[in-house]
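Single-letter residue listing:
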2 protein chains.
Amino acid sequence: MPASQHQNPKSDIEISQAAVKRPILDVAKERLGIAAENLDPYGHYKAKVSMDYVKSLKDKKNGKLILVTAISPTPAGEGKTTTTVGLTDALNHIGKKAMLCLREPSLGPSFGMKGGAAGGGYAQVIPMEDINLHFTGDFHAITSAHNLLSALIDNHIYWGNALGIDSRRVAWRRVIDMNDRALREIVCSLGGVANGYPREAGFDITVASEVMAIFCLAKDLDDLKERLGNIIVAYTRDRKPIRAKDLNANGAMTALLKEAIAPNLVQTLEGTPAFIHGGPFANIAHGCNSVVATTTALKLADYVVTEAGFGADLGAEKFIDIKCRKAGIAPDCVVVVATIRALKMHGGVKKEDLKKEDLKALEAGMSNLKRHIENIQKFGLPAVVSINRFSADTDAEIALVKDKCKSLGVEALMADHWAMGGEGAADVAKAVVKVIDEKKGALQPLYPDDMPLFEKVRTIAKEIYRADDATADKSVKDQLKAWEDMGFGKLPVCIAKTQYSFSTNPDAKGAPTGFNIPVREVRLSAGAEFIVAICGEIMTMPGLPKVPSADSIDVNAEGKIVGLF
Amino acid sequence: MPASQHQNPKSDIEISQAAVKRPILDVAKERLGIAAENLDPYGHYKAKVSMDYVKSLKDKKNGKLILVTAISPTPAGEGKTTTTVGLTDALNHIGKKAMLCLREPSLGPSFGMKGGAAGGGYAQVIPMEDINLHFTGDFHAITSAHNLLSALIDNHIYWGNALGIDSRRVAWRRVIDMNDRALREIVCSLGGVANGYPREAGFDITVASEVMAIFCLAKDLDDLKERLGNIIVAYTRDRKPIRAKDLNANGAMTALLKEAIAPNLVQTLEGTPAFIHGGPFANIAHGCNSVVATTTALKLADYVVTEAGFGADLGAEKFIDIKCRKAGIAPDCVVVVATIRALKMHGGVKKEDLKKEDLKALEAGMSNLKRHIENIQKFGLPAVVSINRFSADTDAEIALVKDKCKSLGVEALMADHWAMGGEGAADVAKAVVKVIDEKKGALQPLYPDDMPLFEKVRTIAKEIYRADDATADKSVKDQLKAWEDMGFGKLPVCIAKTQYSFSTNPDAKGAPTGFNIPVREVRLSAGAEFIVAICGEIMTMPGLPKVPSADSIDVNAEGKIVGLF
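What counts, and where the lines are drawn
The residue numbering used here restarts from 1 in each chain and proceeds along that chain's sequence as written. To label them, take the chains in the order written and letter them from A, then take the ligands in the order written and number them from 1. Note on the predicted model: pLDDT of at least 70 is required for a residue's local features to be given, and 80 or more for side-chain atom pairs to be given and counted; whole-chain, interface and lining totals, by contrast, use all residues. Each side-chain value is derived from all of the structure's non-hydrogen atoms; neither hydrogens nor water enter the calculation. Here a strand is any run of E in DSSP of at least two residues, a helix any run of H or I of at least four, and the numbering for each starts at the N terminus. C-alpha atoms define the radius of gyration, and 2.2 Å times the number of residues to the power 0.38 defines the globule rule. The rule is simple: take the accessible area with a 1.4 Å probe, protein chains only, and divide by the maximum for that residue type; under 20% is buried, over 50% is exposed, in between is partly exposed. Throughout, a contact is declared for two residues whenever any of their heavy atoms are within 4.5 Å. Accessibility throughout is a Shrake-Rupley quantity obtained with a 1.4 Å probe, and a residue counts as covered only by protein chains that appear here. Neither His nor the chain ends is counted toward charge; the positive residues are Lys and Arg and the negative residues Asp and Glu. We put the charge of a Lys on NZ, of an Arg on CZ, of an Asp on CG and of a Glu on CD. Two strands pair if DSSP finds at least two bridges between them. Geometry is summarised by axes, namely lines fitted to C-alpha atoms with helices restricted to the contacting stretch, and by angles between N-to-C directions that run from 0 to 180 degrees. Directions pointing from the helix axis toward each C-beta atom define the arc. Start and end positions for the domains come from either an automated domain assignment or a database one. Buried area is a sum: the accessible area each of two parts loses on coming together, probed at 1.4 Å, counted once for each and added. Ring geometry is summarised as follows: Phe, Tyr and Trp rings, the Trp one being its six-membered ring, pair when their centres sit within 6.5 Å, and such pairs are stacked at plane angles under 30 degrees, edge-to-face over 60 and tilted between the two. To sit over a ring, a charge needs its Lys NZ or Arg CZ within 6 Å of the ring centre and within 35 degrees of the ring normal. In what follows, salt bridge is the name for a side-chain nitrogen of Lys or Arg lying within 4 Å of a carboxyl oxygen of Asp or Glu. All residues other than Ala, Val, Leu, Ile, Met, Phe, Trp, Tyr, Cys, Pro, Asp, Glu, Lys and Arg, Gly among them, are scored as polar; the first ten of these are nonpolar and the last four charged. Between 65 and 115 degrees an angle is taken as roughly perpendicular, under 35 as roughly parallel, over 145 as roughly antiparallel, and anywhere else as oblique. Handedness of each helix crossing follows the sense of rotation of the near helix against the far helix: counterclockwise by less than a right angle gives left-handed, clockwise gives right-handed. Only residues with pLDDT of at least 70 in both copies count here: their C-alpha atoms drive the least-squares fit that superposes the copies. UniProt positions are given in the numbering used here, feature names are shortened, and annotations may be inferred rather than shown by experiment. The predictor rates its confidence in each residue with pLDDT, a number between 0 and 100.

Moving on, we get to the overall build of chain A. Across its full length, chain A carries 19 helices and 26 strands. In terms of overall dimensions, chain A is globule-like: its C-alpha atoms have a radius of gyration of 23 Å, near the 24 Å expected for 565 residues. In terms of overall dimensions, chain A has a C-alpha envelope of 70 × 55 × 50 Å along the principal axes. Taking all 565 residues of chain A together, the buried fraction comes to 64%. For chain A, contacts bridging at least 24 residues in sequence account for 75% of all contacts bridging at least 6. Of the accessible surface of chain A, which amounts to about 19,500 Å², a share of 49% is contributed by carbon and sulfur atoms. On chain A, the mean spot of the 70 positive side-chain charges and the mean spot of the 69 negative ones are 3 Å from each other.

With that settled, the discussion passes to the sheet that holds strand 13 (residues 241-243) of chain B. Residue and element names in this part refer to chain B. The sheet built from three strands is open, its strands ordered 7-12-13 with antiparallel pairing. Looking at strand neighbours, the two that pair on one side only are strand 7 (165-170) and strand 13, the edges of this open sheet. On average, each strand axis in the sheet is tilted by 50 degrees relative to the strand beside it, whichever way the strands run. For strand 7 and strand 12 (residues 232-236), the ladder comprises two bridges, and the chain directions are antiparallel. Bridge assignment links Val170 to a residue of strand 12, and that residue is Ala234. Packed onto the sheet, helix 7 (residues 138-158) meets strand 7 and strand 12 and runs at close to 135 degrees relative to strand 7.

The α-helix advances 3.6 residues per turn, and as a result positions three or four apart in sequence lie on the same side. Residues and elements named next belong to chain B. Considered for burial, the residues of helix 2 (residues 24-32) that qualify are Ile24, Val27, Ala28 and Leu32. Projection of helix 2 onto a plane perpendicular to its axis shows the buried side chains occupying an angular sector of 100 degrees, all on one side. Exposed side of helix 2, more than 90 degrees from the buried face: Lys29 and Glu30 are the residues found there. The first or second residue beyond helix 2 is Gly33, which carries a positive phi of 70 degrees.

All names here are of chain A. Assigned domains of chain A: these are domain 1 (12-137 + 260-437), domain 2 (138-257) and domain 3 (453-535). One C-alpha centre belongs to domain 1, the other to domain 3; they are set 27 Å apart. Contact with domain 1, which involves 25 residues of that partner, is made by 27 residues of domain 3. Both faces combined, the contact of domain 1 with domain 3 buries some 2,300 Å², and carbon together with sulfur accounts for 57% of it.

Moving on, we get to the packing of aromatic side chains. Enumeration according to the criterion identifies four aromatic pairs over all chains in this entry. Residue placement shows Lys21 of chain A over the ring face of Tyr45 of chain A; its charged tip is 4.9 Å from the ring centre.

Residue-level contacts link 65 residues of chain B with 65 residues of chain A. When chain B packs against chain A, close to 5,500 Å² is buried across both sides, 63% of that on carbon and sulfur atoms. Counting across the interface, chain B meets chain A through four salt bridges. The partner of Asp554 of chain A in a salt bridge is Lys225 of chain B, with the nearest N and O atoms 2.9 Å apart. Of all the elements in the fold, those that place two or more residues in the side of chain B that touches chain A are strand 1 (39-41), helix 5 (107-111), helix 7, strand 8 (174-176), strand 9 (186-188), helix 9 (221-230), helix 10 (250-257) and strand 25 (554-555) of chain B. The element contributing the most residues to the side of chain B that touches chain A is helix 7 of chain B, with 10 residues. Split into classes, the residues belonging to the side of chain B that touches chain A amount to 35 nonpolar, 16 polar and 14 charged.

When two helices pack together, their arrangement is captured by the angle between the axes and the distance separating the axes. All names here are of chain A. For the pair helix 9 (residues 221-230) and helix 10 (residues 250-257), interaxial distance at closest approach is 9 Å and the crossing angle is 135 degrees. As far as their axial angle goes, helix 10 and helix 9 are oblique. The element helix 9 and its partner helix 10 pack so that their crossing is right-handed. Between helix 9 and helix 10, the residues in contact are Leu221, Leu224, Lys225, Leu228 and Gly229 and Asn250, Met253, Thr254 and Leu257, respectively. For the contact of helix 9 with helix 10, the residue count by class is five nonpolar, three polar and one charged.

After a rotation of 180 degrees and a shift along the axis of 0.0 Å, chain B superposes on chain A with an RMSD of 0.0 Å. This pairing of chains is accounted for by a two-fold axis. Using C-alpha coordinates, one finds that chain B approaches the rotation axis most closely at Tyr42 of chain B, a distance of 2.2 Å. Taken as a fraction of all interface residues of chain B, those also at the interface in chain A reach 100%, which identifies the copy contact as same-surface.

All names here are of chain A. Per the UniProt record, the feature "binding site: ATP" (unreviewed entry) sits at Thr74, Pro75, Ala76, Gly77, Glu78, Gly79, Lys80 and Thr81. Looking at the element boundaries, Pro75 is found in the loop between strand 3 (64-70) and helix 4 (80-93). Not counting the four nearest positions on each side in its chain, Pro75 is found in contact with Met345 and Lys351. Take Gly77: it is sitting in the loop between strand 3 and helix 4. If we ignore the near neighbours within four places in the chain, the residues touching Gly77 are Thr339 and Ala342.

Let us now look at the confidence of the model for chain A. All names here are of chain A. Scored by pLDDT, chain A has a mean of 94; 98% of the residues are at 70 or more. Taken together, the stretch residues 1-7 has pLDDT below 50 and engages in 19 contacts with residues farther than four places along the chain or on a different chain. Listed scores for the predicted complex are pTM 0.96 and ipTM 0.95.

A cis amide bond links Ile126 of chain A to the next residue, Pro127 of chain A, at an omega of 0 degrees. Along the chain, Pro127 of chain A turns up in the loop between strand 6 (123-126) and helix 6 (128-132). At Asn161 of chain A, a position not held by glycine, the phi torsion is positive, near 55 degrees. Along the polypeptide, Asn161 of chain A turns up in the loop between helix 7 (138-158) and strand 7 (165-170). The phi dihedral of Ser189 of chain B falls on the positive side, at around 60 degrees, and the residue is not glycine. Its location among the elements puts Ser189 of chain B in the loop between strand 9 and strand 10 (199-201). Here Ser189 of chain B falls in the buried class, since its relative accessible area comes to 2%.

Moving on: the pattern of salt bridges. Within this structure, the stated rule accounts for 60 salt bridges over all chains. Between Arg22 of chain B and Glu30 of chain B there is a salt bridge, with the nearest N and O atoms lying 2.8 Å from each other. The salt bridge partner of Lys326 of chain B is Glu529 of chain B, with a shortest N-O separation of 3.4 Å. You can see Lys326 of chain B sitting in helix 12 (residues 315-327) and its partner Glu529 of chain B sitting in the loop between strand 23 (521-525) and strand 24 (530-534), a full 203 residues away along the chain. Residue Lys326 of chain B is classed as buried on the basis of its relative accessible area of 17%. Ionic contacts of the salt-bridge type, sharing partners, join the residues Asp154, Arg174 and Arg199 of chain A together with Asp180 of chain B into one network.

Attention now moves to the sheet that holds strand 21 (residues 493-496) of chain B. Residues and elements named next belong to chain B. Sheet architecture is open: three strands sit in the order 21-24-23, paired in mixed fashion. Across the chains shown, the open sheet's two edge strands, defined by having one partner strand only, are strand 21 and strand 23. If you compare each strand with its neighbour and ignore which way they point, the axes differ by 25 degrees on average. Across five bridges, strand 23 lies against strand 24 in antiparallel orientation. Bridge assignment links Val522 to a residue of strand 24, and that residue is Ala533. Sheet strands touched by helix 18 (residues 453-463): strand 21 and strand 24. Its angle to strand 21, the strand with the most contacts, is close to 50 degrees.

If you want it as structure tokens, here you go:
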């Protein structure tokens, strides 16, 4: 959320640095009952919860799970992370025992354009500069584990290639936690005999690594090791898959991830405990925090608030059809975040005109929110709409949104946690608790495990995106068929498409109809255990803008970091 | 040191894992008087000492500095790190207040061939698996800072190249903390307009980064930022240097290194406090731990033991002529480590025959030790020789070494800390204390700041290596002259050559004579502030062996790391 939202004179980092932080060991003890010996501190304000302690919680009753998702994103900004933080603070504010689970931010965007991912205003997790920079080193561990596998592949080829890897069919790239377009496509192993066999290769950003997806879906260290072993890294000349375990790589990769897999505990500005753990792409992966963190949080709090990436068509669908399916969990309530500004953009208003009242455009833009609400209801889940308040919102606009939601059987409430902290989202919190108490939820995944793979894609396209159909070339369908024959037919599918529209056209705002979803390519994530269906341009390595954030990030004379936002 | 040294049934990692570790906050408080609020814990057994606390020590008196170095290394192994740990434990054992400073190990070799760098047997720093894997994340921070600069360079060219960088003259490569020969030489920015301008590039291992050298030489965060800004990253078509500060990169790089610069505190198996901080290549950089750690340790203990990379010709020379010169410190005593096995190899014995007594070969091999001792004496420093005991050492062999050293005015003592811990090196500790009490040391750097650059190289070649001369093509000499004209004439030189011989021929063991030192190439490290003179093959990115350590590293059913050594 931009610092200009309320003309607040303080930036996010200034609010974060000015906060009176409580020692994390105290937060853990008083708020969650976790003793110091079950925590590995990282400085005084971050800690990892030991995996032995995580295991010891196994038989405890689960709390309620609240999923925060959003309308299709617009340049106006919706504030999903901010709502996740604010709502959890609000639940505590109204006397409930709540905690939240977020994804870890990537270093790449921190030095590029987007900025951090620790919430904003008075709804932040702290210390934001640590969280946005190296945090507890999880992403570095994932980067190392990924690149160790990459090095072992080329090393195997170099030393005689006993497994018969076809160097043209190496499917495993390298990763770096940096926006670096120069590394997207490279030729490696140049320079002669000592450096191996030249071949085309490239780097993705770390959040796009299958190791990241596995890290976030693994139940524990054993599961992690097994999944890492199943990664398909290359194919032989006759198309036989070579797995990480064929290279004996998964043991060493697991050693590199042994500490990282324990969930990271921090706090909000109001001292609410927060897990921030894992951060897979919401595109070619499922885009939500780790299963270990979420399932642990459910043992520790009565209400657990978490978010999924992008809009509900992508993030919530994957949360339900991939994460919940794998982890055996289910949301008790879904909160859909919107802003009146963003809804007006979906109704055709330009960014520069957003401050003017425009009921007609707002009503048109409500079509986007409406479709997302209907989709949540298709999953059998109750929804609450949370509208992040902006000073330009008029009473008439607010009334319009509330009425329209009411007609869909859903309550919409205004939230102002950005300026007020948890108190500002108390109405949303009360509505969420009410919905959960009514126990209306009974999760129905969209498709059964044994539906054929292309039918799964088609089901998502038709039911969630409202496309006429999903289309694909014969080669794509043949590939899916081949994977079914190899025993991968029961995997869920992970759709990679633009987040800006229900369709594959990012400019088609609102609730488009009369389109097809073309599947251009499919990929098998055999370790993460899903099939990726790529529908449109997918960028797995961002570039830096002309004037990147790095240009203004600095350490000032008092040794404080400035310019990070 | 190999686990087979004494037929000890326990491997290094088993000894480390079986150790009763004391909480690092207790070690810090009881042994160094550092309160918990001045430490940032990383788990219960590692901590960073806050830079504010470091600053507060400024006016305290310095303890005595002991430099551990060695004869020219052989495949027999000398045990320099083990001696550094054992000697410090021994100093505490005889009632002194001592601590040690080591370099951080690189992940690359941990998964390759060499194994870790935390000592061995009963002279180890713990927890060795943490220290050998991610530790406190310093190397990851250095990798990120380095690669951010790399990304900013290509991004600058991509967006119009306002500075006029000649893309053929980009001097800044990328780094990764991995042995990955496939990345040595690459072509990047392939794939069309969106990915930039294709050019030749490559990766070094992180320890070879100039950021690592700067990190280890910087006095504090301000000095770090200034040096980072001075890095020359590229040249324009008319050879004008472009610096990191021209890209506005040094602020963001400093933000990434803000936590890393604080020294890491751990303990030995005997509870002796140890700083492990920084780990620059001992080849194209100075090869010793950070100035911040060493100068802080000198404020905290009466005796500080530290080591320099490779043999004394390279490691000790750079320690004195680069690190001491820059940091204004001086060793009070130098300990030269040797083994009778290694000395016999210098005398021509093959590895398989090392267990047989061979006084003639030992006497011949003593020429190597003798020359190193003389070199230490040239620096005006007193030396003590510490011989790591092996079971095959005979009384006659031991007597020969002791007598020969005595004739050089130096005491040689047997040390068995590997099997016995500090007690095993008590004689060495007593000899070191005696030498320091006699105050014989008065450091004389080998050359003054204002000696011309090539004369500095020549002085090291003749005085330390005992070459007839240093030679170089006109182009090399012209380059040095050009740097002198640009104001870099006062920098020290850092010689990169084989560590296995005084000459540039790694097979010339013992004390070769009648050779020249050919300078093939010179490089300017304008941020680290030294000139690198490359004399021979320099590998800045290692490869993995046919069966790398990664093959056997694993996490066992109890969740313990195995196979790391």
